[in-house]
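Examination of the molecular architecture
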Amino acid sequence: MTLPEHMTAVCIAEPGGPEVLTPCTSPVPQLGPTEVLIQVAAAGINGPDLAQRRGLYAPPPGASRLPGLEVAGEIVAMGGEVTDLALGDRVMALTNGGGYAEYVAVPFGQVLPVPHGWRLAEAAALPETWFTVTQTLVMRAGLRPGMHVLVHGGAGGIGGAAIQICSIVGAHAIAVVSDGDKASYCNRLGAIATIDRARENIVDRVMALTDGRGADRVVDLIGGALTAVNIAASARGGHIVQVSTLEGATANVPLRTIMAKDLTLSGSTLRPQTAATKAAIAAHIRDNFLSSLSAANWIKPAISTFPLAEAARAHAEMESRRHRGKLILLTAFGAANPAS
Ligand SMILES: NC(=O)c1ccc[n+]([C@@H]2O[C@H](COP(=O)([O-])OP(=O)(O)OC[C@H]3O[C@@H](n4cnc5c(N)ncnc54)[C@H](OP(=O)(O)O)[C@@H]3O)[C@@H](O)[C@H]2O)c1
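Scope of this entry: the structure provided in the associated data block. The structure presented is a predicted model; accordingly, all values stated were derived computationally and were not measured. (Residues numbered from 1 in each chain as written. Predicted model: local features only at pLDDT ≥ 70, side-chain atom pairs only at ≥ 80, totals over all residues. Heavy atoms only, no water.)

What follows concerns the packing of aromatic side chains. Within this structure, the stated rule accounts for one aromatic pair. Ring plane angle 75° and centroid distance 5.9 Å describe the contact between tryptophan 130 and phenylalanine 289, whose orientation is recorded as edge-to-face. Within this pair, whereas tryptophan 130 is found in helix α3 (residues 127-140), its partner phenylalanine 289 is found in the loop between α9 (275-288) and α10 (290-293), the two being separated by 159 residues in sequence. Assigned by exposure class, tryptophan 130 and phenylalanine 289 land together as buried. (Phe/Tyr/Trp six-rings, centres within 6.5 Å; stacked < 30°, edge-to-face > 60°. Helix = DSSP H or I, 4+ residues; strand = E, 2+ residues; numbered from the N terminus. Buried < 20%, exposed > 50% of the residue type's maximum accessible area, 1.4 Å probe, protein only.)

Looking at where serine 268 falls in the secondary structure, it is placed in the loop between β13 (264-267) and α9. Residues serine 268 and arginine 140 lie 128 residues apart in sequence; the distance between their C-alpha atoms is 9.9 Å. Not counting chain neighbours up to four residues away, the residues in contact with serine 268 comprise Gln135, Thr136, Arg140, Gln242, Val243 and Gln273. Looking at serine 268, its side chain comes within polar contact range of the side chain of glutamine 135, at 3.4 Å. (Contact = heavy atoms within 4.5 Å. Polar contact = N/O pair within 3.5 Å; in protein donor to acceptor, adjacent residues only side chain to side chain.)

The next point concerns the site of the ligand. Taken together, 25 residues lie around the ligand, and Ser178, Lys182, Ser244, Glu247 and Leu270 are the ones closest in. In the environment of the ligand, a nitrogen atom lies 2.8 Å from a nitrogen or oxygen atom belonging to the backbone of serine 268. Residue assignment for the shell around the ligand shows that the elements contributing at least two residues are α1 (47-53), α3 and α4 (157-169). Of the residues contributing to the shell around the ligand, the split by class is nine nonpolar, 11 polar and five charged. Structurally, the shell around the ligand is a two-domain feature, drawing no fewer than three residues from each of domain 1 (6-126 + 271-336) and domain 2 (130-267). (Near = heavy atom within 4 Å. Nonpolar A, V, L, I, M, F, W, Y, C, P; charged D, E, K, R; others polar. Domains from an automatic or database assignment.)

We now examine the nonpolar core. Of all hydrophobic cores here, the largest spans 56 residues; its most connected members are Trp130, Phe131, Leu143, Val149, Ile163 and Ile165. Among the elements that line this core, the one with the most residues is α4, at seven residues. The two domains that each donate at least three residues to this core are domain 1 (6-126 + 271-336) and domain 2 (130-267). Those residues within four positions of isoleucine 163 in sequence are excluded, and the remaining contacts are Val151, Gly154, Ala173, Ala175, Cys186, Leu189, Gly190 and Ala191. With 25 residues, the next largest nonpolar core counts Leu21, Val71, Ala311 and Ala314 among its residues. (Core = buried A, V, L, I, M, F, W, Y, C linked by side-chain atoms within 4.5 Å.)

Here the focus is the pairing of strand β8 (residues 148-151). Burial of the side chains of β8 extends over both faces: His148 and Leu150 are buried on one face and Val149 and Val151 on the other. Sheet analysis places β8 next to strand β9 (residues 172-177), joined by four bridges and oriented parallel. Residue pairing for β9: leucine 150 is matched across the bridge by isoleucine 174. Regarding topology, α4 serves as the crossover connection from β8 to the parallel β9, and that connection is right-handed. Across three bridges, β8 lies against strand β11 (residues 215-220) in parallel orientation. Paired with valine 151 across the strands is valine 219, a residue of β11. (Pairing = 2+ DSSP bridges. Right-handed = clockwise from strand over helix to strand, strands pointing away.)

Read these as spatial facts, not as claims about activity.
This is the structure in structure tokens:
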């Protein structure tokens, strides 16, 4: 296949609201020796993309300035040191940026096969959130069968990944949501219970659901005043995994409770991790989760699709917080092959 020199992408014209996302023409990325070039069918939208668009989450040195941290598509070129992949492979990948485009170059260690039975538009919904939750909740916080896990933002991208990873591991996800529709969605994904944060007391419900022990693990993206709630809701030996701070980057932390309950509070951002770390996370997903994702009865995350050129509308939709699951951008290649 002869590759074009230029492609359509979505650029961030300047820091700001969704309207600063504009279709642009950009060079097709040059490949490094350990990279593959993916013709993008679909690109997932994630919370960090919103932060990058607002000018609050700069790409790490050397990464594409274009937004987009996950894609699914077909491999159309490979660097000389790439192993275990082939031209034409249908893949999903964690990118280092540049996913809102027709082509993206990705280190081959961050590339995974599309689960059996998944369309590319569905597979694009996985990498960013599954890598994040795998690294933090599973690899760092040691998620084990039988644990109770309090999952905030259960109907969103991160929350949905956390619920489904819990169900694969044999842990029990308790999802926090803001309405009944989102509760039903979380139950379909595998949550054993939901808590409506507008109407219910989170600590009381967690204690009732765990025979008074509390949650063994917490996945939090809210921060601020919720940190004290998480600590109160934690079981002895618990571990709170902080992946974002949507309601506040600082918190009053009751240190004595942390000591008395033997708690751990850890935080991490995925994007600046090394290629080796990202490859290790990919290997964990491949070895431990991919076969479950490929099962015939697996419940895929809900997706809503938008043309690539309408990235601004998709960001506005995400900021409205009406969505369940993931928002996905389709390139012309993806739109022309809806069943792929
Ligand atoms: N650490 C990392 O490496 C990493 C990686 C990926 C994402 N993140 C971060 O994780 C966060 C969630 O990302 P996502 O892709 O899962 O987003 P998302 O799909 O929009 O999900 C966020 C969920 O949280 C709930 N929520 C509660 N309070 C909120 C608030 N104040 N603002 C926004 N949502 C709120 C929302 O539903 P209700 O409002 O209905 O409860 C929604 O279901 C983002 O801040 C993102 O930057 C971090």
